[in-house]
Each structure stands twice: as C-alpha cells, then as structure tokens.
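# Chains, contacts and geometry: an overview
Listed below are the residues making up each chain.
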Amino acid sequence: MSSMKRKMNEMESKLLRYDRLERKVKCLSDCLNASVALITGEIANQSSMNVKLVESFDNLESRIDDMEDNMKAKLVFHKQLIDNQRWKYSVPPVDSSELIEEGYDEDEIQNITEMLSTMKNSTTAMRQGEHFSGGGFGVSSGLEDDDETLEWVDIMCGHYKEFADALSQYRHYLIQSSQGHLFCFSLCNVQVMPFVLEWLEKSLKDIRFRELQLEHNDSGHNLISFATKALQNNDSCQVLTMRGNQIESDDDYLQKKNDMLWETIGNHSSLRTLNMSSCFSSGPFLLYTNPPTALGRALPKFRNVTHLELMKNGITGETVTYIADFLASNPALLHLQLSQNPLNDDDSAQIARGLVGNTKLRLLEMECNRTMTQVGAKTLRRTVYGDDKHSANETSLNSIAGSNHFCEIRSDWYETQCNSFRKTSQMNRRWKLYDTLSYHHKKSSNVLEIVDKELPDSETNVAQKLMPRVLESVQLFANCSEKGKREKDFANPLSIVYEIMRGWRMPSLYDYHH
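What counts and what doesn't
- Residues numbered from 1 in each chain as written.
- Predicted model: local features only at pLDDT ≥ 70, side-chain atom pairs only at ≥ 80, totals over all residues.
- Heavy atoms only, no water.
- Core = buried A, V, L, I, M, F, W, Y, C linked by side-chain atoms within 4.5 Å.
- Buried < 20%, exposed > 50% of the residue type's maximum accessible area, 1.4 Å probe, protein only.
- Helix = DSSP H or I, 4+ residues; strand = E, 2+ residues; numbered from the N terminus.
- Contact = heavy atoms within 4.5 Å.
- Salt bridge = Lys/Arg side-chain N within 4 Å of Asp/Glu carboxyl O.
- Axes fitted to C-alpha atoms, helices over the stretch in contact; angles between N-to-C directions.
- Parallel < 35°, antiparallel > 145°, perpendicular 65-115°, else oblique.
- Left-handed = near helix turned anticlockwise from the far one by under 90°.
- Patch = residues over 30% accessible without salt bridge, like charges linked within 9 Å, V, L, I, M, F, W, Y side chains within 5 Å.
- Areas by Shrake-Rupley, 256 points an atom, 1.4 Å probe, with all protein chains shown as cover.
- Lys, Arg positive; Asp, Glu negative; His and termini not counted.
- Charge placed at Lys NZ, Arg CZ, Asp CG, Glu CD.
- Pairing = 2+ DSSP bridges.
- Right-handed = clockwise from strand over helix to strand, strands pointing away.

Tyr 160, Ile 265, Phe 302, Leu 336, Ile 351 and Leu 364 are the most contacted members of the largest nonpolar core, which has 93 residues in total. Element by element, the count of residues in this core is highest for helix 4 (residues 156-176), at nine residues. Setting aside residues no more than four positions away along its own chain, Ile 351 makes contact with Val 320, Ala 324, Leu 327, Leu 338, Leu 343, Leu 364, Met 366 and Leu 380.

The structure is reproduced here in structure tokens:
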C-alpha cells in the first residue's frame, strides 16, 4: 500500500513538472512568436522604407537628368547667342516695284510688307533669345477682315526659311527658361506652301505649346497633315483652331488624311477645345462643298473634346442627325457652338432629341440661324423647360421636372432661354418650378389645378415626390435678386404656398411620407 502511494506521489510530481514545462514552452513559444512578428514588422517597414528610398532616388535621378538637360540647353543657348552676334538677316527688303510689276495694288503691297516686317522682327527676337509677350507667336497677315487670306508671294520663301531656322534654335531658350513652353503658335490668314509647312513641322517637333491656331491658310490636305503631326509630337496642346480651312473629302486619299487627324484628336491626352468653323462648307448659308459624312465621321472621335465650335458650316439636314446622335451619346462636350448655320425647325427637333438624355452639355449657341422659326424654338423649349407654362391646361410640373436642366440654349428666340450654364441643374429646375407657379398665380389661374391634376390615385405618382421640391423652390426664389426688373411679374411666395396647401391632398402626401 505504501509503495502504491509512493508511486502515486511520484506520478503527481511528474505531472506537475510536465505542467510547468508545458507552461514554460508555451511562454517561450509566445515570446518567439512575438519576436517573429516584431521582426516581420520591422522587415515590412524596412521594405516600405526601401521602396520609398527607391522612389526618392528615381525622383532625384529624374531631377538630375532634367537639370542636366536644362544645363545642356543653357550651354547650347548661350553658344547660339554668341554665334548669333555675327548673324544677319539674309533676306533683302521688299522691293515694291517688283510687286507693282506683278500686278499687286498698294493695299496688297502694304499687307505683304507689314507681314514680312513682322516676321523679320520675330526672327530677330528669337535669335536674340527674347521672351514673347503673352508666351505665343507665329505668322499673321494682320488683315482687317479675319475671314480673308493673304496669298502666297515668292518673295516670302526666304523670310519663312529664316523664321523656321530661328524657331529651331528657340527651343533651347524655351527648355532652359522658367517658361518651358510656348502658350500658342499660330498661322493666321496667310497662305502657306507645303514645303514651308515641312520646315515649320521640323522646327516645332521638340517645342511644347498649349494652343495651335491655323486659320484661313488655303493649304488643303497639307495643312491637315501638319496639324496631325504637330498634335502627335506635342501632348501638351489643349486648343486646336482650324477655322476657315476646308476639310476636303473628295477621294479616299483625302478621307484617309482626315481620319488620321480625327483619330489623333480622339486619342490626344490634353486636347479639349476644337474650333472647326467654316471648315465643311464655303460659306455660312451655302450648300455643302463636301458631303455631310465628312463631319459625321469626325464627331464620334471628339469624345474627349469639351468645347466644339462649328460656326458657318452650312449645317442642316443629315448633318444635324449626326450631331443629335452625338449629343444623345452623352459625350464629354460642355459647349457646342452652332451659330450662323441654316438650321430649320426640323433640325431643331433633331437637336432637341439629342438633348433629352444629355447631362453634360452646359451651353448650346444657335444665334443667327435665320431659317429657324418660333415652331423650332418651342420644340427646343419643351426639351429644356417642359410644357408651355402659359397654358394651365398644358402645364405639367412633371414635364418641367423631367426636362433638361443642364443646357442653356442661346438663340434668336426668347423661348429657348430657360436654363443657365452658370447654375447647377438643381437650381435650374427649382427656378422653372417657381417661375411656372408664380406666373399662373399672378395671372389669377388656379395653381391648384396645375398641381392637383398631377395626382391621380396612384401610389407611385411623381408629383408626390415633387411637392417638397416645389415648396422648396418657392422658398428659395422668394427674394431672389435675379428677378430684377421683372419682379412685378412674380407673385407673393406666401400666396402661392397658401393656395397649394389650402386645398391640396395633404393626406396623400402624409401617406406617401410614411
């Protein structure tokens, strides 16, 4: 019995030692796990620090490379300034007698002389490394009529060559200067030969600019190629103006040139403003010189453009269908300029169709479209305002609430003047609701009829959702300063609210709320 008891005691003693050992092992294991976690965290932090160090090193290396490029540009620029001290303008002054013999009159000779003199001054300024006021320069005829083009004269060739060579050197000044780029490069109202465009293309290849103006150059498809390559070589350009340059599409070769430009515009990372006025027709109210498909093929490529000008393009008929389809796709476009086109009432209906679901366009300009009548204006109004507020039988708050509240339309008809692009869509909607109710109350119409007819016995009626917005709009615009001189046309807001609340179906609104 005593031996059994002794064995039991020994077993208990061993069990106690095992328990102590197990607790010790567990404690050591916990300490080891904590150490591993700590080391893992330190490794992660060290890895993160290494990544940041690598990024900092890469940024530093990039800055050093930029500084080296800047220093090299400064050295080249100062060397050029030294060399240019011996430089002289190689083209002799204009001989007016030669131009007279060629049949030019005094005004034409004066325009040619002034343009070449300006080119000489710009060339000299670039050779001397001077900063251009406004950050942009180019060649312009300076004609009083900005729709005219100064025709090419052979004596211009030497001046353009001097200008292109100076422009090639000027890029070193831009690289080393704090400016870093040109704001704008322009060729305005001057006819430019293909070989001159090639010179300028090479000179502009390494120069960054934000705006490219090509206006009335009478250079055909060569200018299309020039614009395409200029955009491809410059990802900083934000504005392209092609005003007055005909987009020809008579054969497959020309169409291919055009498609390359459209594709370049569509894929450009920075280009947002595009002016293609007077590009697809020979005048504001003349027939097409090119098929309407020329513009129709281009529009889908302008998906990233936010400002598009298409003035004086003879736009009507089939082309408007392309524009309406483009607007209906809800592109990034914020401003569309269609003034001075022969748009008619059918065209207005097409544009109205495109605006129905568009939530991006904020401003549509359609002034001087003299073939559009009041019928077309009312069609547009129904899209941006809803039903006619002047008739209590036709006015519908639901139609007003469901209309386009984003786009302001500027035309020759006051009917289209509903929204304001300076306001949010919510503010435009509230203003239209208040304007309609105020009008009928002031004219002694029964506002309650307008509101009450919106409320048939239906649980999903829109008017129930709309009524809080109606009351909110009355309160918001009660003392609105924009009423201005027309304040006498607006009713007392308290009277409007009283008339609505006096007989409207408040239990229905209460049930809907709950």
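The structure having been displayed, the exposition proceeds.
A side chain with one charge may pair with a side chain of the opposite charge, provided their charged atoms come close. On inspection of all chains with the given rule, the structure shows eight salt bridges. A salt bridge links Lys 26 to Asp 30; the shortest N-O distance between them is 3.4 Å. A residue pair is termed a helical-turn pair when its members lie 3 or 4 positions apart in one helix, as Lys 26 and Asp 30 do in helix 1 (residues 2-84) at four residues. Glu 215 is paired through a salt bridge with Arg 243; the nearest N and O atoms lie 2.7 Å apart. Residue Glu 215 is located in strand 3 (residues 209-215), and its partner Arg 243 is located in the loop between strand 4 (239-241) and helix 7 (252-267); the two are separated by 28 residues in the primary sequence. With respect to class, Glu 215 is no different from Arg 243; both count as buried.

Running from amino to carboxyl end, helix 6 (residues 221-232) crosses helix 7 at an angle of 25°, the nearest separation of the two axes being 9 Å. The angle between helix 6 and helix 7 places the two elements in the roughly parallel class. For the pair helix 6 and helix 7, the sense of crossing is left-handed. For the pair formed by helix 6 and helix 7, the contact residues are His 221, Ile 224, Ser 225, Ala 227, Thr 228, Leu 231 and Gln 232 on the first element and Tyr 253, Leu 254, Lys 257, Asn 258, Met 260, Leu 261, Thr 264 and Ile 265 on the second.

So, on to a negative patch on the surface. There is a patch of like negative charges on the surface, built from Glu 55, Asp 58, Glu 61, Asp 65, Asp 66, Glu 68 and Asp 69. Mapping Glu 55 onto the fold places it in helix 1. You can call Glu 55 partly exposed: its relative accessible area is 45%.

Looking now at the pairing of strand 3. Burial runs high along strand 3: five of the seven residues are buried. The pairing of strand 2 (residues 182-188) with strand 3 spans six bridges and is classified as parallel. Paired with Leu 187 across the bridge in strand 3 is Leu 214. Note on the crossover from strand 2 through helix 5 (residues 194-204) to strand 3: the handedness is right-handed. Note: strand 3 against strand 4, three bridges, orientation parallel. Bridge assignment links Glu 211 to a residue of strand 4, and that residue is Val 239. The β-α-β motif built from strand 3, the intervening helix 6 and the parallel element strand 4 has right-handed crossover chirality.

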